[in-house]
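# Fold and geometry: a report
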Amino acid sequence: MPEGDTVLQTATRLHAALAGQVLTRSDLRVPRFATADLSGRTVLDVTARGKHLLTRVEGGLTLHSHLRMDGAWRVYAPDERWRGGPGHQIRAILANAEHTAVGYRLPVLELLRTSEEDRAVGHLGPDLLGPDWDPGLALDRLLAAPERPLGEALLDQRNLAGIGNVYKCELCFLARVTPWLPVGALPDGALLRLVTLAERLLHANRDRPTRTTTIPSELRTPPGPPATAPTPSTPAPARPRARPPARVQERLYVYGRARRPCLRCGTPIRLTDQDDRPTYWCPGCQSGPTP
């Protein structure tokens, strides 16, 4: 699933294949831009902004694309067979003498003036993997709606750019709170630790072929205690079960692990939807409201 780290990897591959080269073929297979031709123009750079891709070409133009759930860009050598999907799923082709970049299932594809890129990405919050990353600004935006469920707030790219559904589930697990807990109910300092951990995890995965959130050395600053502590009227949670033995290192704590034992306490991981997105959590480790 494309998130900030994988989108950055895509931008890096596209930049290596296209930047500094003259386009010999340009084919945008969306009705609005079907007649646009970028052939003969040099690609200046390809950059990621949150989960958006910006391919800038000479003449002051930018090709803006977004992968959403299952879009992809693939890069091929001149004689290599294209393997990204059937031909009817191709939305864009950009080629030079050495490489061909093919965009499959792109739900967003538009050509705009580089000077007007803010129309596409100006609404985004600070980019977790970008030079504009500002944890204080991200914190302020998250806290602007303290009643909002944490999971929804983390996915809102206006707050901070780059987190998708996988990281939402993993970060809530690491914070030991459910995705339905209101942002304002987190203990003091926990939200800042969570934002700091998000930036650390995305950076750790920016060059990995497979996303991993379970490496202890990358979790040195835990996001803090549960949002609610036991009181005389609130019994303490049951003692966690021993962590089940694992034959291989699991890459994710909860995402994609419905009904399997929690890596921390052994409780079966649960799955439901939050805002129409599959959401995984551990009822033994994570405190807060649930559906």
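Residues numbered from 1 in each chain as written. Predicted model: local features only at pLDDT ≥ 70, side-chain atom pairs only at ≥ 80, totals over all residues. Heavy atoms only, no water.

## Examining the overall build of the protein
- Secondary structure assignment for the protein yields six helices and ten strands.
- If one aligns the C-alpha atoms of the protein with their principal axes, the spans along those axes are about 75 × 40 × 35 Å.
- Sequence separation of 24 or more characterises 62% of the internal contacts of the protein that already satisfy a separation of 6 or more.
- Accessible surface, the protein as shown: approximately 14,000 Å² in total, 50% of it carbon and sulfur.
- Side chains of the protein carry 38 positive and 30 negative charges; the gap between the two charge centres is 8 Å. (Helix = DSSP H or I, 4+ residues; strand = E, 2+ residues; numbered from the N terminus. Contact = heavy atoms within 4.5 Å. Areas by Shrake-Rupley, 256 points an atom, 1.4 Å probe, with all protein chains shown as cover. Lys, Arg positive; Asp, Glu negative; His and termini not counted. Charge placed at Lys NZ, Arg CZ, Asp CG, Glu CD.)

## Concerning the nonpolar core
- Trp73, Leu150, Ile163, Leu171, Phe173 and Leu191 are the most contacted members of the largest nonpolar core, which totals 71 residues.
- Once residues within four sequence positions are removed from consideration, Leu191 is found in contact with Leu139, Leu142, Leu143, Leu150, Val183 and Leu186.
- Ranked by size, the runner-up nonpolar core spans six residues in total, among them Leu54, Ala120, Val121 and Ala161. (Core = buried A, V, L, I, M, F, W, Y, C linked by side-chain atoms within 4.5 Å. Buried < 20%, exposed > 50% of the residue type's maximum accessible area, 1.4 Å probe, protein only.)

## Some points on the pairing of strand S8 (residues 108-113)
- Here S8 lies mainly inside the structure; five of its six residues are buried.
- Bridging between strand S4 (residues 61-66) and S8 involves six bridges; their strand directions are antiparallel. When the sheet's bridge partners are listed, Leu63 is paired in S8 with Leu111. (Pairing = 2+ DSSP bridges.)

## Observations regarding the layout of surface pockets
- Here the largest pocket defines a volume of roughly 420 Å³.
- If you go around the largest pocket, you meet 19 residues; those closest to its centre are Lys51, His66, Leu155, Gln157 and Arg277.
- Here the lining of the largest pocket is composed, by residue class, of seven nonpolar, five polar and seven charged. (1 Å grid on protein atoms, 1.4 Å probe; cavity = no way out; pocket = protein on both sides within 12 Å on 5 of 7 lines; lining within 4 Å. Points joined across faces, edges and corners; volume = space filled by probe spheres on them. Nonpolar A, V, L, I, M, F, W, Y, C, P; charged D, E, K, R; others polar.)

## Digging into the confidence of the model for the protein
- Per-residue confidence for the protein averages 91 on the pLDDT scale, and 90% of its residues sit at or above 70.
- Taken as a whole, residues 222-247 scores under 50 in pLDDT and shows 38 contacts with residues more than four places along the chain or in a different chain. (pLDDT = per-residue confidence, 0-100.)

## Focus on unusual backbone geometry
- Non-glycine residue Arg68 carries a positive phi angle of around 50°.
- Inspection of the secondary structure assignment puts Arg68 in the loop between S4 and strand S5 (72-76).
- In the Ramachandran plot, Arg259 falls in the positive-phi region, its phi being about 70° despite a non-glycine side chain.

## Side note on the packing of helix H3 (residues 135-143) against helix H6 (residues 190-205)
- Across the interface, H3 lies against H6 with an axial gap of 10 Å and an inter-helix angle of 125°. Regarding the angle of H3 to H6, the classification is oblique. Both H3 and H6 take part in a crossing whose hand is right-handed. Together, Pro135, Ala138, Leu139, Leu142 and Leu143 of H3 and Leu191, Leu192 and Val195 of H6 make up the contact between the two elements. (Axes fitted to C-alpha atoms, helices over the stretch in contact; angles between N-to-C directions. Parallel < 35°, antiparallel > 145°, perpendicular 65-115°, else oblique. Left-handed = near helix turned anticlockwise from the far one by under 90°.)

## Regarding the side chain of Asn205
- Its place among the elements puts Asn205 in helix H6.
- The exposure class of Asn205 is buried, given its relative accessible area of 1%.
- In terms of polar contacts, Asn205 uses its side chain to reach the backbone amide nitrogen of Thr212, at 2.7 Å.
- When sequence neighbours within four positions are dropped, the list of residues in contact with Asn205 reads Asp5, Gln9, Tyr167, Thr210, Arg211 and Thr212. (Polar contact = N/O pair within 3.5 Å; in protein donor to acceptor, adjacent residues only side chain to side chain.)

## Quick look at the pattern of salt bridges
- Using the criterion set out here, one finds twelve salt bridges in the structure.
- Between Asp27 and Arg29 there is a salt bridge, with the nearest N and O atoms lying 2.9 Å from each other.
- Here Glu250 ties to Arg260 by a salt bridge, and the two come within 2.5 Å at their closest N and O atoms. Pair noted here: Glu250 is in the loop between H6 and strand S9 (270-274) and Arg260 is in the loop between H6 and S9, with a separation of ten residues, a long-range link.
- Taking relative accessible area as the criterion, Glu250 reaches 19% and is therefore assigned buried. (Salt bridge = Lys/Arg side-chain N within 4 Å of Asp/Glu carboxyl O.)

## A look at the sheet that holds strand S1 (residues 25-28)
- Strand order in the open sheet made by the four strands is S1-S6-S7-S5, with antiparallel pairing throughout. Among the strands making up the open sheet, the edge pair consists of S1 and S5. Looking at each pair of strands side by side, their axes are set apart by 15° on average, direction ignored.
- Two strands pair when backbone bridges link them, and strand S6 (residues 90-95) and strand S7 (residues 100-104) are joined in this way by five bridges, in the antiparallel orientation. The residue of S7 that forms the bridge with Ile90 is Tyr104.
- Together, S5, S6 and S7 form the strand contacts of helix H1 (residues 4-18), whose direction differs from that of S5 by roughly 35°.

## So, the sheet that holds S8
- If you walk across this open sheet you meet the four strands as S2-S3-S4-S8, and the pairing is antiparallel. Only two strands of the sheet have a single partner each, and these edge strands are strand S2 (43-49) and S8. Put simply, the sheet's adjacent strands are angled 20° from each other on average, direction ignored.
- Across the face of the sheet, H1 comes into contact with S2 and strand S3 (52-57) while running at roughly 175° to S2.

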